[in-house]
Amino acid sequence: MAHKPIRKAIFPVAGLGTRFLPATKAVPKELLPVVDRPLIQYAVDEAIEAGIEQMIFVTGRGKGAIEDYFDIAFECETLQRERGKDLSALEGTRLAPGNAVFLRQQESLGLGHAIWCARDIIGDEPFAILLPDEFMKGTPGNGCMKQMVDAYEKTGGNLVCALEIPIEQTPSYGVIDPGARDGVLTEVKGLVEKPALGTAPSNLILPGRYILQPGVMKILETQEKGAGGEIQLTDAMASMIGQQPFHGVTFDGRRFDCGSKAGYIEANLAMALERADIGAHIRAFATAELAQG
Ligand code: UTP
């Protein structure tokens, strides 16, 4: 059966990024670079690779630089062009006219609330959500969202990326109560946000990639605050289970939690080591640094 295609993606970028203060006092967390590309660029590239056309950014106060980032940098580009410089590094920053939508979440009331702010732009289509501070490194041409869209074409309904982590880390995440597993697909029987230590139904967490049916917006409309006093997307998704197909997709690739300092540094190191221009230099430096103990 053909399912409605996933044409739209929401990038919730209104969070305060407090774990990265003071860096995030004036610079949005989503513009912090992994080597030389901002986190948001990797997430947008991942969405484009999955065939998604419209990028919806839910921003907030102090996040205006994200809009500028996806605009034409007239002075810089003109000057560089006049100097005969290569502008190819800027290619990914240009989205087709009308394909970048920016709207504001005035208060950081939670991820669920940020998603609900985009309800009228989503309309009655299924849609994707990508949290840009979760850097999902797939294989070339087969990123995390592409893998999820491929799975969605078979299952329809709702899909979340599912990632195994050490059980003691589950209190920081949304966690899946898993049912039967079939290849990369795991049936989702329940979802719980930030379970207390020792109560998680599994060690399968939600690392920030979703494909959801538009009905979730209606649920979010009346959603009470959940864990941390925030309106939680996980709670809204949980109430759809049993009414529509709901699966977790095991991602073939590496995940870096760039919302945390350690994950961010790991991502930079891993990506730098792969680079043709600086990889050998960084490897030699890291090896010498580690040898010093
Ligand atoms: P986080 O839990 O990482 O929060 O949000 P944060 O504010 O970005 O960072 P810290 O914890 O203070 O360091 C997960 C995602 O949800 C978005 C964030 O921008 C991030 O992409 N978010 C969160 C919103 O857009 N609005 C909210 O009210 C909360």
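Just above sits the structure.
In this text the structure is predicted, and so the values were computed from the model without any measurement.

J.: Where do I start with the side chain of Thr234 in this structure?
T.: Relative to the helices and strands, Thr234 is located in helix H8 (residues 233-238). Discounting chain neighbours no more than four positions away, the residues touching Thr234 are Gly174, Leu191, Val192, Glu193 and Leu206.

J.: I'm lost on the packing of aromatic side chains in this one. Help?
T.: Counted by the stated rule, this structure contains seven aromatic pairs. Measuring from centroid to centroid gives 5.4 Å for Phe20 and Tyr264, while their planes differ by 80°, and the two rings are edge-to-face. A residue pair is termed long-range when its members are at least 10 positions apart, and Phe20 in the loop between strand S1 (8-12) and strand S2 (33-34) and Tyr264 in helix H9 (residues 261-274) qualify at 244 residues. On the basis of relative accessible area, Phe20 is assigned to the buried category, the value being 10%. By the ring-pair criterion, three or more aromatic residues cluster together here, those being Phe11, Phe57, Tyr69, Phe70 and Phe102. Just above the ring of Tyr42 sits the side chain of Arg37; from NZ or CZ to the centre is 5.3 Å.

J.: Honestly, the pattern of salt bridges in this entry has me stumped. Any pointers?
T.: Pairing is possible between side chains that carry opposite charge, provided their charged atoms lie close to one another. For the coordinates displayed, the defined rule picks out 17 salt bridges. Between Arg7 and Glu125 there is a salt bridge; the shortest N-O distance is 2.7 Å. Separated by 118 residues along the polypeptide, Arg7 in the segment before S1 and Glu125 in the loop between helix H5 (119-122) and strand S6 (127-130) bring together distant segments of the chain. With a shortest N-O distance of 3.0 Å, Asp277 and Arg275 are connected by a salt bridge. By relative accessible area, which is 53% here, Asp277 ends up exposed. Bridged by salt links that share partners, the residues Arg7, Lys8, Glu53 and Glu125 form one connected network.

J.: Would you mind showing me how to read the site of the ligand here?
T.: Residues in contact with the ligand amount to 18 residues; listed here are only the nearest, Leu16, Thr18, Arg19, Lys29 and Gln105. In the model, an oxygen atom of the ligand is placed 2.7 Å from a nitrogen or oxygen of the Arg19 main chain. Residue composition of the shell around the ligand, grouped by class: eight nonpolar, six polar and four charged.

J.: Before we go on, may I ask you to explain the environment of Asp182 in this structure?
T.: Looking at where Asp182 falls in the secondary structure, it is placed in strand S9 (residues 174-182). Along the sequence, Asp182 and Gly51 sit 131 residues apart, while their C-alpha atoms lie 25 Å from each other.

J.: I keep staring at unusual backbone geometry and nothing clicks. Help me out?
T.: Glycine aside, residues mostly have negative phi angles, and peptide bonds mostly take the trans form. Note the cis peptide between Leu21 and Pro22, where omega equals 5°. The residue Pro22 is located in the loop between S1 and S2 in this model. Positive phi is not limited to glycine here, since Val35 has a value of about 60°. Here Val35 shows up in the loop between S2 and strand S3 (37-38). Residues other than glycine seldom take positive phi values, yet Lys194 does so here, at roughly 45°. By the secondary structure assignment, Lys194 is in the loop between strand S10 (185-193) and strand S11 (204-205).

J.: Just to check I follow, could you spell out the side chain of Lys29 for this structure?
T.: Relative to the helices and strands, Lys29 is located in the loop between S1 and S2. Taking relative accessible area as the criterion, Lys29 reaches 11% and is therefore assigned buried. Within the local environment of Lys29, its side chain forms a polar contact with the side chain of Asp133, the two groups lying 2.7 Å apart. Apart from residues lying up to four places away in sequence, Lys29 is in contact with Gly17, Arg19, Phe20, Thr24, Leu39, Lys63, Asp133 and Gly259.

J.: What's the story with the pairing of strand S7 (residues 134-137) in this structure? I'm lost.
T.: One face of the sheet, then the other: side chains in a regular strand alternate in exactly this way. Taking every second residue as pointing to the same face, both faces of S7 are buried, with Glu134 and Met136 on one and Phe135 and Lys137 on the other. Bridge count between S7 and strand S14 (residues 254-257): four bridges; the pairing is antiparallel. Residue pairing across strands places Lys137 opposite Arg254, the latter belonging to S14.

J.: Can you walk me through the environment of Met55 in this structure?
T.: Inspection of the secondary structure assignment puts Met55 in strand S4 (residues 54-59). In the structure, Met55 is positioned 186 residues away from Ile241 in sequence and 27 Å away in space, judged by C-alpha atoms. Once you skip the residues sitting within four places of it in the chain, Met55 turns out to touch Ala9, Phe11, Val44, Ala47, Ile48, Leu95, Asn99, Ala100 and Val101.

J.: Got a minute to help me understand the packing of H9 against helix H10 (residues 279-291) in this structure?
T.: To characterise two packed helices, one gives the angle between the axes of the helices and the distance between these axes. For the pair H9 and H10, interaxial distance at closest approach is 6 Å and the crossing angle is 125°. Classed by the angle they form, the pair H9 and H10 counts as oblique. In this structure, H9 contributes Leu269, Ala272 and Leu273 to the contact, and H10 contributes Gly279, Ile282 and Arg283. Taken together, the residues of the contact of H9 with H10 sort by class into four nonpolar, one polar and one charged.

Definitions and limits used
- Residues numbered from 1 in each chain as written.
- Predicted model: local features only at pLDDT ≥ 70, side-chain atom pairs only at ≥ 80, totals over all residues.
- Heavy atoms only, no water.
- Helix = DSSP H or I, 4+ residues; strand = E, 2+ residues; numbered from the N terminus.
- Contact = heavy atoms within 4.5 Å.
- Phe/Tyr/Trp six-rings, centres within 6.5 Å; stacked < 30°, edge-to-face > 60°.
- Buried < 20%, exposed > 50% of the residue type's maximum accessible area, 1.4 Å probe, protein only.
- Lys NZ or Arg CZ within 6 Å of the ring centre and 35° of its normal.
- Salt bridge = Lys/Arg side-chain N within 4 Å of Asp/Glu carboxyl O.
- Near = heavy atom within 4 Å.
- Polar contact = N/O pair within 3.5 Å; in protein donor to acceptor, adjacent residues only side chain to side chain.
- Nonpolar A, V, L, I, M, F, W, Y, C, P; charged D, E, K, R; others polar.
- Pairing = 2+ DSSP bridges.
- Axes fitted to C-alpha atoms, helices over the stretch in contact; angles between N-to-C directions.
- Parallel < 35°, antiparallel > 145°, perpendicular 65-115°, else oblique.

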